[in-house]
Amino acid sequence: MALALLGSTALTAVTAQAADKEISWIYCGDTIDPVHTKYIKQWEEKNTGWKITPEVVGWAQCQDKATTLAAAGTPVAMAYVGSRTLKEFAQNDLIVPVPMTDDEKKAYYPHIVDTVTFEGNQWGVPIAFSTKALYWNKDLFKQAGLDPEKPPKTWAEEIEMAKTIKEKTGIPGFGLSAKTFDNTMHQFMHWVYTNNGAVTDAEGKVTLDSPQILAALKAYKDIVPYSEEGPTAYEQNEVRAIFLDGKVAMIQAGSGAADRLKKTQISWGITTLPLGPDAKGPGTLLITDSLAVFKGSGVEDKATEFAKFITSPDVQSEYELQGGAGLTPLRPSAKVDEFVAKDPYWKPLIDGISYGGPEPLFTDYKGFQNSMIEMIQSVVTGKAEPEAALKKAAGEIEAFK
């Protein structure tokens, strides 16, 4: 009887232990997306004894929290992070590789895998993808005497149209983001990738001080007089809000703007971003967020399995094609084709991928980002000429590689 009781107790302990196996997940945002809630439950039902425990943390704190826990030796199993941070995590031995098969790589749109690849390894699983297109207010074009059905195709046309709209209507022609905020750099990188520019080359050498990026910075300076007053007070969502009020004629934005515009009375259009003189085709900055699997949680393999499940094609397309989140599909599919046919606004957001480029990977990403923002602000405010600002930033970011 004693042995039987001992066996029974041991069995209970094993069952309890199995039921306690958790994959902790730092989930950025205000709430868990209903799509993820649905599929977490489905995965748990198929993986008896395992539980996903998401912790919702605000965007401003979530990445810092994941980093702090990992550095303290008490990592979560998995966290939602900007792919730009993966190099720093990998070099500090805080995360494990999440290698992709050739078939997995081929399933994504071009360059997506590059955003999570460092020294030949993939270090995260993409879960969110953002591209930008140009939105224009057809009513303001018409008021300024411009053809409301013909948006600008080049930077020169964009600047000239912004000038015409500002002079003829008094309303800013272009919404410029220059606040001390991460997307100020992102907004500028769209100009870099619409002129065949690059911050670093394939070997990691800094190529910021190039004719292509200098041209982008000069174009930024040229469009300032026709943008909203005081661009350093605005980040991209605040600029989008002005556009939704009909108070600016053109902006660079993702799919979230289209979702919101459908609820307004504004007559609007969307097209690929205007091109610089050295462009090879339509481009955009390709921003991804990824699920990073942290080292030392004890459940790395299972966390990797779940990360691939929750980002698998069927789950992912249901999550990203909702529209309001401002996401672009990560992979081509029949379902994406259906959405493009139903809502043509998706097409320009996808067309820019071919000649787009990833966020540059730096060991000290924040240092790099801050130098870029300072460069942009110095030109926008007239404190520095583009040539001097570019050389200064190029020298600074060498230390952040």
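Note that the structure is predicted; figures quoted are calculated from it, not measured. (Residues numbered from 1 in each chain as written. Predicted model: local features only at pLDDT ≥ 70, side-chain atom pairs only at ≥ 80, totals over all residues. Heavy atoms only, no water.)

1. With respect to the state of the cysteines
For clarity, the cut-off: Here, the term disulfide refers to a pair of cysteine sulfur atoms separated by no more than 2.5 Å. Helix and strand definitions follow DSSP, with helices as H or I runs of at least four residues and strands as E runs of at least two, each counted in order from the N terminus.
Applying the stated rule across the entire model yields 1 disulfide. Two residues share a disulfide in this structure: Cys 28 and Cys 62, whose sulfurs sit 2.0 Å from each other. When the S-S torsion is 95 degrees, as for the bridge of Cys 28 with Cys 62, the disulfide is right-handed. Of this pair, Cys 28 sits in strand S1 (residues 21-28) while Cys 62 sits in helix H3 (residues 59-71); the two residues are 34 residues apart in sequence, bridging distant segments of the chain.

2. A short note on the packing of helix H2 (residues 34-46) against helix H13 (residues 313-320)
Where we set the bar: For helices, the axis comes from a line fit to the C-alpha atoms of the stretch in contact; other axes are also lines fit to C-alpha atoms, and the angle between any two N-to-C directions lies between 0 and 180 degrees. Each angle receives one of four descriptions, namely roughly parallel if under 35 degrees, roughly antiparallel if over 145, roughly perpendicular if within 65 to 115, and oblique otherwise. The contact definition used throughout considers only heavy atoms, calling two residues in contact when any of these lie within 4.5 Å. Ten residue types, Ala, Val, Leu, Ile, Met, Phe, Trp, Tyr, Cys and Pro, are classed as nonpolar, four, Asp, Glu, Lys and Arg, as charged, and the remainder, Gly among them, as polar.
At their nearest, the axes of H2 and H13 sit 9 Å apart, and the two run at 155 degrees to each other. By the criterion of interaxial angle, the relationship of H2 to H13 is roughly antiparallel. Counting all contacts with H2, which are made through Val 35, His 36, Lys 38 and Tyr 39, the residues of H13 involved are Val 315, Glu 318 and Tyr 319. Here the residues of the contact of H2 with H13 sort into 4 nonpolar, 1 polar and 2 charged.

3. Some remarks on the pairing of strand S3 (residues 78-82)
Looking along a regular strand, one sees side chains alternate from face to face of the sheet. Applied cut-off: Burial status follows relative accessibility: with a 1.4 Å probe on protein chains alone, a residue under 20% of its type maximum counts as buried, one over 50% as exposed, and anything between as partly exposed. Only strands joined by at least two bridges in the DSSP assignment are considered to pair.
Most of S3 sits out of view: 5 of its 5 residues are buried. Burial along S3 is two-sided: Met 78, Tyr 80 and Gly 82 and Ala 79 and Val 81, pointing in opposite directions, are all buried. Sheet topology note: the S1/S3 ladder contains 2 bridges and is parallel. What sits directly across from Ile 26, in S3, is Ala 79. Bridge analysis of S3 against strand S10 (residues 285-293) gives 5 bridges, and the strand direction is antiparallel. The residue of S10 that forms the bridge with Met 78 is Val 293.

4. Regarding the pattern of salt bridges
Between side chains of opposite charge, a pair can form as their charged atoms come close. Here is the rule: Here a salt bridge means any side-chain nitrogen of Lys or Arg lying within 4 Å of a carboxyl oxygen belonging to Asp or Glu.
Throughout the structure, instances matching the rule amount to 20 salt bridges. The shortest N-O distance in the salt bridge between Lys 391 and Asp 209 comes to 3.2 Å. One end of the pair, Lys 391, is in helix H17 (residues 386-397); the other, Asp 209, is in the loop between helix H8 (182-192) and helix H9 (211-223), with 182 residues separating them in the sequence. For Lys 391, a relative accessible area of 54% translates into the label exposed. Between Lys 302 and Glu 305 there is a salt bridge, and its shortest N-O distance comes to 3.3 Å. Here the residue Lys 302 and the residue Glu 305 both occupy positions in helix H12 (residues 300-310), the gap between them amounting to 3 residues, near one helical turn.

5. What to know about the confidence of the model for the protein
In plain terms, the rule: Known as pLDDT, the predictor's per-residue confidence is scaled from 0 to 100.
For the protein, mean pLDDT is 92; residues scoring 70 or higher make up 95% of the total. Predicted confidence for residues 1-19 stays below pLDDT 50, and this span has 3 contacts to residues more than four positions away or in other chains.

6. Focus: the environment of Ile 165
With respect to the helices and strands, Ile 165 occurs in helix H7 (residues 155-169). Distance from Ile 165 to Val 315, taken between C-alpha atoms, is 43 Å for residues 150 residues apart in sequence. Leave out the neighbours within four places in its chain, and Ile 165 touches Leu 140, Phe 141, Ala 144, Leu 146, Gly 170, Ile 171, Pro 172, Gly 173 and Ala 249.

7. A short note on the side chain of His 190
Its place among the elements puts His 190 in helix H8. With sequence-adjacent residues up to four places away left out, His 190 is seen in contact with Lys 132, Gln 252, Leu 273, Thr 284 and Leu 285.

8. What about the packing of aromatic side chains?
To keep it simple, the criterion reads: Only Phe, Tyr and Trp rings are paired, with Trp represented by its six-membered ring, and only when their centres lie within 6.5 Å; those with planes under 30 degrees apart are stacked, over 60 edge-to-face, the remainder tilted.
Applying the stated criterion to the full structure yields 17 aromatic pairs. Seen from their ring centres, Trp 155 and Trp 191 are 5.3 Å apart, and the 40 degrees between their planes marks the pair as tilted. A residue pair is termed long-range when its members are at least 10 positions apart, and Trp 155 in helix H7 and Trp 191 in helix H8 qualify at 36 residues. Judged by relative accessible area, Trp 191 falls into the buried class, the value being 2%. On the basis of an interplanar angle of 25 degrees and a centroid distance of 5.2 Å, the ring pair of Tyr 345 and Trp 346 is categorised as stacked. Put simply, the rings of Trp 25, Tyr 27, Tyr 39, Trp 43, Phe 306 and Phe 309 touch in pairs and so form one group of aromatic residues.

9. A closer look at the nonpolar core
Just so we agree on the cut-off: Nonpolar cores were defined as sets of buried Ala, Val, Leu, Ile, Met, Phe, Trp, Tyr and Cys residues, with membership established by side-chain atoms within 4.5 Å. A domain assignment, automatic or from a database, supplies the domain bounds used here.
Ile 23, Trp 25, Tyr 135, Phe 294 and Phe 306 are the most contacted members of the largest nonpolar core, which totals 76 residues. When we break this core down by domain, the ones giving at least three residues each are domain 1 (22-131 + 286-358) and domain 2 (133-283 + 362-398). Counting 53 residues, the second largest nonpolar core, distinct from the first, contains Ala 216, Leu 273, Ala 384 and Phe 400.

10. Overview of the sheet that holds strand S8 (residues 250-253)
Strand order in this open sheet of 3 strands is S8-S7-S9, and the pairing throughout is antiparallel. Whereas interior strands pair on both sides, the edge strands pair on one side only; in this sheet they are S8 and strand S9 (268-271). On average, each strand axis in the sheet is inclined to that of its neighbour by 25 degrees, with strand direction left out of account. Bridge analysis of strand S7 (residues 133-137) against S8 gives 4 bridges, and the strand direction is antiparallel. Paired with Leu 134 across the two strands is Gln 252, which belongs to S8.

11. Comments concerning the domain arrangement of the protein
Just so we agree on the cut-off: Polar contacts, as used here, are pairs of N or O atoms within 3.5 Å; protein pairs need one atom able to donate a hydrogen and one able to accept it. Residues neighboring in sequence count only if both atoms are side-chain atoms.
Taken as a whole, the protein is organised into domain 1 (22-131 + 286-358) and domain 2 (133-283 + 362-398). With 23 residues of domain 1 in contact, the opposing surface of domain 2 contributes 25 residues. Inspection of the region where domain 1 meets domain 2 yields 3 salt bridges. A salt bridge links Asp 182 to Arg 84; the nearest nitrogen and oxygen atoms lie 3.7 Å apart. If you look at where domain 1 meets domain 2, you find 4 residue pairs in polar contact (both at pLDDT 80 or more).

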